[in-house]
Amino acid sequence: MNDLDRRTAEHLERQQYRIVGETGAVKLCHWMRQKLIYGRPCYKEEFYGIQCHRCMQMTPAVNACNFRCLFCWRYHGMTSLGDSKRLDPEDLLDRCLAEQRLLVSGFKGDDRCDPRLWEEARQPNQVAISLSGEPTLYPELGEFIALCNRRGMTTFLVTNGSVPKALERLSPLPTQLYVTVAAPNKELFEKLCVPQLAGAWENLMETLRLLPSLSTRTVIRHTLVDGWNLGWEDEYAKLDRVADPMFIEPKGYVFVGDSRTRMRVSNMPSHASVREFSLRLAERTSMDLLGERVDSRVVVLGKKNAHLRVRE
Ligand code: SF4
Ligand code: SF4
(Lines give C-alpha, C1' and ligand atoms only; values in the text may rest on other atoms or scores of the structure.)
(Ligands and ions follow the chains in the order given, each with its own letter.)
Protein backbone atom coordinates (compact mmCIF):
# COMPACT_ATOMS: atom_id res chain seq x y z
CA MET A 1 0.00 0.00 0.00
CA ASN A 2 1.49 3.39 -0.95
CA ASP A 3 1.46 6.42 1.38
CA LEU A 4 -1.55 8.04 -0.24
CA ASP A 5 -3.57 4.82 0.06
CA ARG A 6 -2.43 4.42 3.70
CA ARG A 7 -3.68 7.93 4.49
CA THR A 8 -6.96 7.15 2.67
CA ALA A 9 -7.35 3.96 4.71
CA GLU A 10 -6.77 5.83 7.99
CA HIS A 11 -9.28 8.50 7.03
CA LEU A 12 -11.87 5.86 6.14
CA GLU A 13 -11.27 3.88 9.32
CA ARG A 14 -12.01 7.03 11.33
CA GLN A 15 -15.36 7.03 9.49
CA GLN A 16 -16.02 3.46 10.71
CA TYR A 17 -15.07 1.71 7.48
CA ARG A 18 -13.33 -1.64 7.88
CA ILE A 19 -10.68 -1.92 5.20
CA VAL A 20 -10.36 -5.41 3.75
CA GLY A 21 -7.09 -6.16 1.97
CA GLU A 22 -5.92 -3.11 0.04
CA THR A 23 -8.99 -2.42 -2.06
CA GLY A 24 -12.06 -3.74 -0.25
CA ALA A 25 -14.15 -2.26 2.55
CA VAL A 26 -17.26 -2.88 4.63
CA LYS A 27 -19.30 -0.41 6.64
CA LEU A 28 -22.46 -0.98 8.62
CA CYS A 29 -25.28 0.80 6.91
CA HIS A 30 -27.18 3.41 8.93
CA TRP A 31 -30.41 1.57 8.10
CA MET A 32 -29.15 -1.71 9.48
CA ARG A 33 -28.76 -0.01 12.86
CA GLN A 34 -32.23 1.47 12.54
CA LYS A 35 -33.70 -1.95 11.79
CA LEU A 36 -31.87 -3.78 14.59
CA ILE A 37 -32.69 -1.19 17.24
CA TYR A 38 -35.97 0.39 16.16
CA GLY A 39 -37.32 -2.18 13.65
CA ARG A 40 -37.23 0.57 10.98
CA PRO A 41 -36.02 -0.77 7.60
CA CYS A 42 -34.44 1.05 4.65
CA TYR A 43 -36.56 1.99 1.66
CA LYS A 44 -35.07 -0.86 -0.38
CA GLU A 45 -36.57 -3.36 2.07
CA GLU A 46 -39.91 -1.62 1.67
CA PHE A 47 -39.71 -1.37 -2.13
CA TYR A 48 -37.79 -4.49 -3.14
CA GLY A 49 -38.26 -6.89 -0.22
CA ILE A 50 -34.60 -7.40 0.76
CA GLN A 51 -34.01 -7.77 4.53
CA CYS A 52 -31.96 -4.74 5.44
CA HIS A 53 -30.60 -6.23 8.68
CA ARG A 54 -29.12 -9.02 6.55
CA CYS A 55 -27.55 -6.66 4.01
CA MET A 56 -23.78 -6.26 3.84
CA GLN A 57 -22.72 -2.89 2.42
CA MET A 58 -19.29 -3.31 0.85
CA THR A 59 -17.04 -2.32 -2.03
CA PRO A 60 -14.30 -4.16 -3.89
CA ALA A 61 -12.74 -0.83 -4.97
CA VAL A 62 -12.68 1.50 -2.00
CA ASN A 63 -9.72 3.50 -3.25
CA ALA A 64 -10.70 3.81 -6.88
CA CYS A 65 -13.20 6.06 -8.53
CA ASN A 66 -12.94 7.79 -11.87
CA PHE A 67 -15.45 10.55 -10.92
CA ARG A 68 -15.32 13.21 -8.19
CA CYS A 69 -19.05 13.94 -7.85
CA LEU A 70 -19.61 17.07 -5.79
CA PHE A 71 -22.54 15.41 -3.99
CA CYS A 72 -20.52 12.29 -3.10
CA TRP A 73 -20.48 11.58 0.61
CA ARG A 74 -17.35 9.44 0.25
CA TYR A 75 -13.74 10.48 0.64
CA HIS A 76 -12.09 11.66 -2.58
CA GLY A 77 -8.45 10.92 -1.78
CA MET A 78 -8.68 7.99 -4.15
CA THR A 79 -6.07 6.76 -6.58
CA SER A 80 -6.58 3.75 -8.79
CA LEU A 81 -6.67 0.01 -8.29
CA GLY A 82 -3.64 -0.27 -10.54
CA ASP A 83 -1.06 0.10 -7.75
CA SER A 84 -2.87 -1.98 -5.17
CA LYS A 85 -2.80 -5.67 -4.42
CA ARG A 86 -6.29 -7.06 -4.99
CA LEU A 87 -7.80 -9.88 -2.97
CA ASP A 88 -9.29 -12.70 -4.99
CA PRO A 89 -13.12 -12.83 -4.84
CA GLU A 90 -13.24 -15.65 -2.28
CA ASP A 91 -10.84 -13.94 0.11
CA LEU A 92 -12.62 -10.64 -0.39
CA LEU A 93 -16.03 -12.10 0.41
CA ASP A 94 -14.84 -14.19 3.37
CA ARG A 95 -13.00 -11.27 4.92
CA CYS A 96 -15.89 -8.86 4.33
CA LEU A 97 -18.29 -11.30 5.99
CA ALA A 98 -15.93 -11.72 8.94
CA GLU A 99 -15.71 -7.92 9.39
CA GLN A 100 -19.48 -7.59 9.07
CA ARG A 101 -19.98 -10.19 11.82
CA LEU A 102 -17.56 -8.32 14.07
CA LEU A 103 -19.41 -5.06 13.45
CA VAL A 104 -22.78 -6.71 14.14
CA SER A 105 -21.49 -8.34 17.33
CA GLY A 106 -21.45 -4.87 18.93
CA PHE A 107 -25.26 -4.90 19.07
CA LYS A 108 -25.49 -8.04 21.22
CA GLY A 109 -25.37 -6.17 24.50
CA ASP A 110 -27.94 -3.57 23.41
CA ASP A 111 -31.29 -4.25 25.11
CA ARG A 112 -33.11 -2.52 22.30
CA CYS A 113 -31.80 -5.00 19.72
CA ASP A 114 -34.19 -7.87 18.88
CA PRO A 115 -32.14 -11.09 19.46
CA ARG A 116 -33.81 -12.87 16.54
CA LEU A 117 -32.86 -10.05 14.15
CA TRP A 118 -29.36 -10.01 15.63
CA GLU A 119 -28.91 -13.71 14.96
CA GLU A 120 -30.13 -13.25 11.36
CA ALA A 121 -27.89 -10.20 10.86
CA ARG A 122 -24.87 -12.45 11.44
CA GLN A 123 -25.83 -14.33 8.26
CA PRO A 124 -26.09 -11.76 5.44
CA ASN A 125 -28.24 -12.82 2.48
CA GLN A 126 -27.87 -9.61 0.50
CA VAL A 127 -24.78 -7.70 -0.63
CA ALA A 128 -24.93 -4.03 -1.59
CA ILE A 129 -21.86 -3.52 -3.79
CA SER A 130 -21.79 0.23 -3.58
CA LEU A 131 -20.16 1.66 -0.51
CA SER A 132 -17.42 3.78 -2.10
CA GLY A 133 -15.41 3.81 -5.31
CA GLU A 134 -16.49 2.47 -8.69
CA PRO A 135 -17.01 -1.32 -8.38
CA THR A 136 -16.71 -2.09 -12.09
CA LEU A 137 -13.00 -1.17 -11.79
CA TYR A 138 -12.51 -4.40 -9.82
CA PRO A 139 -11.66 -6.90 -12.58
CA GLU A 140 -13.03 -9.99 -10.78
CA LEU A 141 -16.48 -8.53 -10.14
CA GLY A 142 -18.28 -11.29 -12.07
CA GLU A 143 -16.59 -14.04 -10.03
CA PHE A 144 -17.44 -12.14 -6.85
CA ILE A 145 -21.13 -11.96 -7.79
CA ALA A 146 -21.11 -15.65 -8.77
CA LEU A 147 -19.70 -16.50 -5.36
CA CYS A 148 -22.39 -14.44 -3.62
CA ASN A 149 -25.02 -16.30 -5.65
CA ARG A 150 -23.55 -19.68 -4.70
CA ARG A 151 -23.80 -18.69 -1.05
CA GLY A 152 -27.48 -17.74 -1.39
CA MET A 153 -26.99 -13.98 -1.36
CA THR A 154 -28.69 -11.51 -3.67
CA THR A 155 -26.57 -8.61 -4.99
CA PHE A 156 -27.36 -4.96 -5.73
CA LEU A 157 -24.62 -3.28 -7.75
CA VAL A 158 -24.40 0.51 -8.10
CA THR A 159 -22.25 1.88 -10.93
CA ASN A 160 -21.58 5.31 -12.37
CA GLY A 161 -21.79 3.76 -15.85
CA SER A 162 -18.30 4.88 -16.87
CA VAL A 163 -17.06 1.42 -17.91
CA PRO A 164 -19.63 -0.05 -20.32
CA LYS A 165 -17.16 -2.72 -21.44
CA ALA A 166 -17.00 -4.09 -17.89
CA LEU A 167 -20.80 -4.29 -17.74
CA GLU A 168 -20.95 -5.94 -21.13
CA ARG A 169 -18.56 -8.65 -19.90
CA LEU A 170 -20.09 -8.99 -16.46
CA SER A 171 -21.22 -12.54 -15.85
CA PRO A 172 -23.30 -13.29 -13.95
CA LEU A 173 -25.12 -10.00 -13.67
CA PRO A 174 -26.16 -8.78 -10.22
CA THR A 175 -29.72 -9.33 -9.00
CA GLN A 176 -30.33 -5.62 -9.44
CA LEU A 177 -28.14 -3.22 -11.41
CA TYR A 178 -28.21 0.48 -10.63
CA VAL A 179 -26.78 3.07 -13.01
CA THR A 180 -26.52 6.58 -11.64
CA VAL A 181 -27.50 9.34 -14.06
CA ALA A 182 -26.93 12.52 -12.08
CA ALA A 183 -27.11 15.02 -14.92
CA PRO A 184 -29.48 15.61 -17.82
CA ASN A 185 -26.75 16.68 -20.26
CA LYS A 186 -23.00 16.62 -20.81
CA GLU A 187 -22.36 20.18 -19.65
CA LEU A 188 -23.95 19.68 -16.23
CA PHE A 189 -22.44 16.20 -15.96
CA GLU A 190 -18.91 17.58 -16.37
CA LYS A 191 -19.51 20.21 -13.68
CA LEU A 192 -21.31 18.04 -11.14
CA CYS A 193 -19.73 14.60 -11.58
CA VAL A 194 -16.22 15.89 -12.43
CA PRO A 195 -15.10 12.82 -14.40
CA GLN A 196 -11.38 12.06 -14.29
CA LEU A 197 -11.35 10.24 -17.63
CA ALA A 198 -11.89 11.46 -21.16
CA GLY A 199 -15.17 10.49 -22.82
CA ALA A 200 -17.00 9.74 -19.56
CA TRP A 201 -20.35 11.14 -20.79
CA GLU A 202 -20.06 9.13 -24.01
CA ASN A 203 -19.28 6.02 -21.93
CA LEU A 204 -22.35 6.65 -19.79
CA MET A 205 -24.44 6.97 -22.96
CA GLU A 206 -23.02 3.65 -24.16
CA THR A 207 -23.99 2.08 -20.83
CA LEU A 208 -27.54 3.40 -21.22
CA ARG A 209 -27.76 1.89 -24.71
CA LEU A 210 -26.44 -1.42 -23.34
CA LEU A 211 -28.96 -1.65 -20.50
CA PRO A 212 -31.97 -3.02 -22.45
CA SER A 213 -29.88 -6.03 -23.53
CA LEU A 214 -28.91 -7.01 -19.97
CA SER A 215 -31.19 -9.64 -18.56
CA THR A 216 -31.45 -8.53 -15.00
CA ARG A 217 -33.42 -6.02 -12.96
CA THR A 218 -32.21 -2.56 -13.99
CA VAL A 219 -32.64 0.74 -12.19
CA ILE A 220 -31.71 4.27 -13.21
CA ARG A 221 -30.89 6.36 -10.18
CA HIS A 222 -31.25 10.13 -10.51
CA THR A 223 -29.47 11.75 -7.56
CA LEU A 224 -31.10 15.17 -7.35
CA VAL A 225 -29.26 18.19 -5.99
CA ASP A 226 -31.27 21.35 -5.53
CA GLY A 227 -29.77 24.27 -7.45
CA TRP A 228 -27.80 21.87 -9.66
CA ASN A 229 -29.65 19.13 -11.53
CA LEU A 230 -33.27 19.19 -10.37
CA GLY A 231 -35.61 19.86 -13.32
CA TRP A 232 -34.82 19.10 -16.99
CA GLU A 233 -37.45 16.34 -16.96
CA ASP A 234 -37.60 16.26 -20.78
CA GLU A 235 -33.87 15.62 -21.03
CA TYR A 236 -33.82 13.01 -18.25
CA ALA A 237 -36.80 11.25 -19.85
CA LYS A 238 -34.94 11.07 -23.15
CA LEU A 239 -32.01 9.33 -21.43
CA ASP A 240 -34.33 7.03 -19.50
CA ARG A 241 -36.11 5.97 -22.68
CA VAL A 242 -32.74 4.86 -24.11
CA ALA A 243 -31.94 2.79 -21.01
CA ASP A 244 -35.50 1.44 -20.74
CA PRO A 245 -34.95 0.36 -17.10
CA MET A 246 -37.40 -1.65 -15.02
CA PHE A 247 -37.39 1.11 -12.43
CA ILE A 248 -36.32 4.71 -12.02
CA GLU A 249 -35.34 6.01 -8.60
CA PRO A 250 -35.26 9.79 -8.27
CA LYS A 251 -33.56 10.41 -4.94
CA GLY A 252 -32.74 13.62 -3.13
CA TYR A 253 -29.13 14.42 -2.29
CA VAL A 254 -28.42 14.20 1.46
CA PHE A 255 -26.00 16.58 3.18
CA VAL A 256 -23.75 13.98 4.85
CA GLY A 257 -20.14 12.78 4.94
CA ASP A 258 -17.48 14.48 2.87
CA SER A 259 -20.08 16.14 0.59
CA ARG A 260 -20.50 18.73 3.36
CA THR A 261 -17.22 20.26 2.25
CA ARG A 262 -18.58 20.79 -1.28
CA MET A 263 -22.31 21.38 -0.85
CA ARG A 264 -24.70 23.29 1.39
CA VAL A 265 -27.71 22.10 3.40
CA SER A 266 -29.84 24.10 0.97
CA ASN A 267 -28.77 21.74 -1.84
CA MET A 268 -30.95 19.01 -0.28
CA PRO A 269 -34.26 19.00 -2.13
CA SER A 270 -37.45 18.48 -0.13
CA HIS A 271 -39.36 15.26 -0.62
CA ALA A 272 -42.15 17.33 -2.21
CA SER A 273 -39.82 18.56 -4.96
CA VAL A 274 -38.41 15.04 -5.56
CA ARG A 275 -42.02 13.84 -5.84
CA GLU A 276 -42.97 16.61 -8.23
CA PHE A 277 -39.93 15.85 -10.42
CA SER A 278 -40.85 12.14 -10.32
CA LEU A 279 -44.44 12.73 -11.40
CA ARG A 280 -43.27 14.84 -14.35
CA LEU A 281 -40.77 12.13 -15.29
CA ALA A 282 -43.43 9.41 -14.91
CA GLU A 283 -45.67 11.22 -17.40
CA ARG A 284 -42.81 11.43 -19.90
CA THR A 285 -41.69 7.79 -19.54
CA SER A 286 -45.16 6.19 -19.25
CA MET A 287 -44.32 4.88 -15.80
CA ASP A 288 -46.27 4.93 -12.57
CA LEU A 289 -45.26 5.97 -9.11
CA LEU A 290 -44.91 2.59 -7.37
CA GLY A 291 -43.58 3.72 -4.00
CA GLU A 292 -42.03 6.56 -2.03
CA ARG A 293 -40.29 7.14 1.30
CA VAL A 294 -40.44 10.62 2.71
CA ASP A 295 -37.54 10.14 5.18
CA SER A 296 -35.20 9.04 2.35
CA ARG A 297 -36.56 11.61 -0.14
CA VAL A 298 -36.93 8.85 -2.69
CA VAL A 299 -39.54 7.70 -5.18
CA VAL A 300 -39.63 4.55 -7.29
CA LEU A 301 -41.20 4.63 -10.74
CA GLY A 302 -41.95 1.58 -12.85
CA LYS A 303 -44.43 -0.04 -15.18
CA LYS A 304 -47.84 -0.70 -13.61
CA ASN A 305 -47.40 -4.51 -13.52
CA ALA A 306 -43.66 -4.49 -12.68
CA HIS A 307 -42.56 -7.04 -10.11
CA LEU A 308 -41.05 -4.78 -7.49
CA ARG A 309 -39.91 -7.37 -4.97
CA VAL A 310 -36.71 -9.42 -5.15
CA ARG A 311 -37.74 -11.50 -2.14
CA GLU A 312 -41.29 -12.09 -0.88
S1 SF4 B 1 -29.95 -2.01 0.71
FE2 SF4 B 1 -28.67 -0.14 0.95
S3 SF4 B 1 -29.81 1.15 2.42
FE4 SF4 B 1 -30.63 -0.96 2.59
S5 SF4 B 1 -29.46 -1.90 4.23
FE6 SF4 B 1 -28.41 -2.40 2.30
S7 SF4 B 1 -26.85 -0.82 2.07
FE8 SF4 B 1 -28.33 -0.07 3.58
S1 SF4 C 1 -19.22 7.87 -8.82
FE2 SF4 C 1 -19.97 7.37 -6.76
S3 SF4 C 1 -18.11 6.98 -5.51
FE4 SF4 C 1 -17.46 8.02 -7.41
S5 SF4 C 1 -17.39 10.18 -6.86
FE6 SF4 C 1 -19.42 9.81 -7.76
S7 SF4 C 1 -20.78 9.31 -6.03
FE8 SF4 C 1 -18.63 9.16 -5.32
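Computed from a predicted model, the values in this text were never measured in an experiment.

**Q** Please set out the overall build of the protein chain residue by residue, giving values where relevant.
**A** If you tally the helices and strands in the protein chain, you get 11 helices and 10 strands. Taken over C-alpha atoms, the radius of gyration comes to 19 Å for the protein chain, in line with the 20 Å a tight globule of 312 residues would show. Taken over the C-alpha atoms alone, the protein chain extends approximately 50 × 40 × 40 Å along its principal axes. Looking at the protein chain as a whole, 57% of its 312 residues qualify as buried. Pairs at least 24 apart in sequence give 74% of the contacts found in the protein chain among residues at least 6 apart. Accessible surface for the protein chain amounts to roughly 13,400 Å². Of this, 49% is attributable to carbon and sulfur atoms. Charge separation in the protein chain, taken as the distance between the mean sites of 44 positive and 40 negative side-chain charges, equals 2 Å.

**Q** Can you break down the environment of lysine 35 residue by residue, with the values?
**A** On the secondary structure map, lysine 35 appears in helix 2 (residues 30-38). Remark: the alpha-carbon pair of lysine 35 and aspartate 114, spanning 79 residues in sequence, is separated by 9.2 Å. The contact partners of lysine 35, leaving out residues within four places of it in the chain, are Arg40, Pro41, Glu45, Cys52, His53 and Leu117.

**Q** I'd like a description of helix 8 (residues 186-193), backed by residues and values.
**A** Here helix 8 has its buried residues at Leu188, Phe189, Leu192 and Cys193. What you see down the axis of helix 8 is that its buried residues fit within an arc of 105°, all on one side. Where helix 8 is buried, its residues meet helix 9 (200-210).

**Q** Break down the pattern of salt bridges for me, with residues and values.
**A** In the structure shown here, the tally under the stated rule is 22 salt bridges. One salt bridge in this structure joins aspartate 288 and lysine 304, with 3.4 Å as the shortest N-O distance. Highlighted residues: aspartate 288 in strand 9 (residues 288-293) and lysine 304 in the segment after strand 10 (298-302), separated in sequence by 16 residues. A residue is classified by how much of its surface remains accessible, and lysine 304, at 69% relative accessible area, is exposed. Salt bridges linked by common partners bring Arg40, Glu46, Arg293 and Asp295 together as one network.

**Q** An account of the environment of leucine 167 is needed here, citing residue identities and associated values.
**A** With respect to the helices, strands and loops of the structure, leucine 167 is situated in helix 7 (residues 164-169). Measuring from C-alpha to C-alpha, the distance between leucine 167 and serine 215 comes to 12 Å, with 48 residues separating the pair along the chain. Leaving out residues up to four positions away in the same chain, leucine 167 has contacts with Thr136, Thr159, Leu173, Leu177, Thr207, Leu210 and Leu214.

About the criteria used
Residues numbered from 1 in each chain as written. Chains lettered and ligands numbered in written order. Predicted model: local features only at pLDDT ≥ 70, side-chain atom pairs only at ≥ 80, totals over all residues. Heavy atoms only, no water. Helix = DSSP H or I, 4+ residues; strand = E, 2+ residues; numbered from the N terminus. Rg over C-alpha atoms; globule rule 2.2 N^0.38 Å. Buried < 20%, exposed > 50% of the residue type's maximum accessible area, 1.4 Å probe, protein only. Contact = heavy atoms within 4.5 Å. Areas by Shrake-Rupley, 256 points an atom, 1.4 Å probe, with all protein chains shown as cover. Lys, Arg positive; Asp, Glu negative; His and termini not counted. Charge placed at Lys NZ, Arg CZ, Asp CG, Glu CD. Arc of directions from axis to C-beta. Salt bridge = Lys/Arg side-chain N within 4 Å of Asp/Glu carboxyl O.

Function-wise, these values are silent; they only describe arrangement.
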